[in-house]
Amino acid sequence: GYMDVQEDITEKKLAEKKLVQAALQYRTLFAQSPDGICLIDFETFLPLDFNTQVHKQLGYSREEFSQLKISDYEIVETTKAIRTRAKKIIQEGHGDFITRHKTKNGDTSEVQITIQKIFLHGNPVLYKIFRDVTDKIKLEKTQRQQEIDQQRQIMEATIAGQEKEKNE
């Protein structure tokens, strides 16, 4: 009867509201992620969608980045190598590696890339997370150098001490 129809409409409205809230929540997570997130078309290697963090990391405007293929900012791999890696990721489902990117003004940055194959409207898409690890790698290099310097000082002090003992 009439009440059943009204209940159906109310339930539909609630379900729609939940969907809108869920979509908004995911959009917010995507947009506000501290890492760059980019969905890349497997055929063209052009971005389908991306958050602000991606184009900011590379120093491009949203409009400029939307026109860039991976090979336009990727330094380490050739276009052929990028295609080969993408095929492997499509087969295996995921990939994780560190590479170097060139920013718009010519600086380079070390970037950790995590890629997951996802399906969007039935087509395989590369879900790519960019994490700039330039500072982290610099810090690790500095720490390693400090450790090496300390070890060298200890060795030199030890050798100097042995030399001194020999000469006494």
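Residues numbered from 1 in each chain as written. Predicted model: local features only at pLDDT ≥ 70, side-chain atom pairs only at ≥ 80, totals over all residues. Heavy atoms only, no water.

### Some points on the environment of Tyr-60
Put simply, the test is: The helix count covers DSSP runs of H or I at least four residues long, the strand count covers runs of E at least two residues long, and both are numbered beginning at the N terminus. In this analysis, two residues are considered to be in contact whenever any of their non-hydrogen atoms come within 4.5 Å of each other.
Residue placement: Tyr-60 occurs in the loop between helix 2 (52-58) and helix 3 (62-66). Once residues within four sequence positions are removed from consideration, Tyr-60 is found in contact with His-55, Phe-65, Leu-68, Thr-103 and Lys-104.

### Here's the deal with the sheet that holds strand 5 (residues 123-132)
Spelled out, the test is: When DSSP finds two or more bridges between a pair of strands, those strands are recorded as paired. Fitting a line to C-alpha atoms yields each axis, with helices limited to the stretch in contact; the angle taken between N-to-C directions then spans 0 to 180 degrees.
Taken in spatial order, the five strands line up as 2-1-5-4-3 in an open sheet, and their pairing is antiparallel. Whereas interior strands pair on both sides, the edge strands pair on one side only; in this sheet they are strand 2 (47-50) and strand 3 (94-102). Pairwise comparison of adjacent strand axes, ignoring direction, gives a mean angle of 30° for this sheet.

### A short note on the environment of Ile-137
The residue Ile-137 is located in helix 5 (residues 134-167) in this model. Once the C-alpha coordinates of Ile-137 and Glu-110 are considered, the two residues, 27 residues apart in sequence, prove to be 7.7 Å apart. Beyond its immediate chain neighbours, meaning those up to four positions away, Ile-137 contacts Ile-98 and Glu-110.

### A closer look at the packing of aromatic side chains
Selection criterion: Each pair of aromatic rings taken from Phe, Tyr and Trp, with Trp reduced to its six-membered ring, is defined by centres within 6.5 Å and is described as stacked if the planes are under 30 degrees apart, edge-to-face if over 60, and tilted in the remaining cases. Only protein chains enter the accessibility calculation, which uses a 1.4 Å probe; a residue is then buried when its area is under 20% of its type maximum, exposed when over 50%, and partly exposed in between.
Inspection of the entire model under this criterion finds four aromatic pairs. Ring centres of Phe-42 and Phe-45 lie 6.3 Å apart, and the angle between their planes is 65°; on these two criteria the pair is classed as edge-to-face. You'll find Phe-42 and Phe-45 in the same group, each marked buried. Through a chain of ring-to-ring contacts, the aromatic side chains of Phe-50, Phe-65, Tyr-73 and Phe-130 assemble into a single cluster.

### Some points on the confidence of the model for the protein
Filter applied, for reference: Scored from 0 to 100, pLDDT records how confident the predictor is in each individual residue.
Per-residue confidence for the protein gives a mean pLDDT of 88; residues scoring 70 or more make up 98%. Mean pLDDT values for the elements of the protein range from 80 in helix 1 (residues 2-32) up to 95 in helix 3.

### Structural notes on a negative patch on the surface
For clarity, the threshold we go by: Like charges are joined within 9 Å and nonpolar side chains (Val, Leu, Ile, Met, Phe, Trp, Tyr) within 5 Å, but only among residues with over 30% relative accessible area and no salt bridge; these make up the patches. Using the Shrake-Rupley algorithm and a 1.4 Å probe, accessible areas are obtained, with residue cover drawn only from the displayed protein chains. By definition, a salt bridge exists where a carboxyl oxygen of Asp or Glu is found within 4 Å of a side-chain nitrogen of Lys or Arg. His residues and chain termini do not enter the charge count, which takes Lys and Arg as positive and Asp and Glu as negative. The atom standing in for a charge is NZ when the residue is Lys, CZ when it is Arg, CG when it is Asp and CD when it is Glu.
Residues Asp-4, Glu-7, Asp-8 and Glu-11 make up a contiguous surface patch of negative charge. With respect to the helices, strands and loops of the structure, Asp-4 is situated in helix 1. For Asp-4, a relative accessible area of 47% puts it in the partly exposed group.

### Some points on the nonpolar core
Rules: Residues belong to a common nonpolar core when they are buried Ala, Val, Leu, Ile, Met, Phe, Trp, Tyr or Cys residues joined through side-chain atoms within 4.5 Å.
Ranked by size, the top nonpolar core spans 22 residues in total, and within it Cys-38, Ile-40, Phe-45, Phe-65, Tyr-73, Leu-126 and Phe-130 carry the most contacts. Elements with a minimum of two residues in this core: strand 1 (36-41), helix 2, helix 4 (79-92), strand 4 (108-120) and strand 5. In this structure, Leu-126 is in contact with Cys-38, Leu-39, Ile-40, Phe-45, Ala-86, Ile-89, Ile-90, Ile-115 and Gln-116, ignoring residues within four places of it in sequence.

### Overview of the pairing of strand 4
One face of the sheet, then the other: side chains in a regular strand alternate in exactly this way. Sheet analysis places strand 3 next to strand 4, joined by nine bridges and oriented antiparallel. Across the sheet, His-94 pairs through a bridge with Gln-116, a residue of strand 4. Between strand 4 and the antiparallel strand that follows it, strand 5, lie two residues; His-121 among them carries a positive phi value of about 55°.

### Points about the pattern of salt bridges
For the structure shown, the criterion picks out nine salt bridges. The salt bridge involving Glu-140 is made with Lys-136; its shortest N-O contact spans 4.0 Å. Placement of the pair is Glu-140 and Lys-136 together in helix 5, with a separation of four residues, close to one helical turn. With a relative accessible area of 33%, Glu-140 lands in the partly exposed category. Note that Glu-156 is salt-bridged to Arg-152, the shortest N-O span being 3.5 Å. Of this pair, Glu-156 and Arg-152 are both found in helix 5, four residues apart, which corresponds to roughly one turn of the helix.

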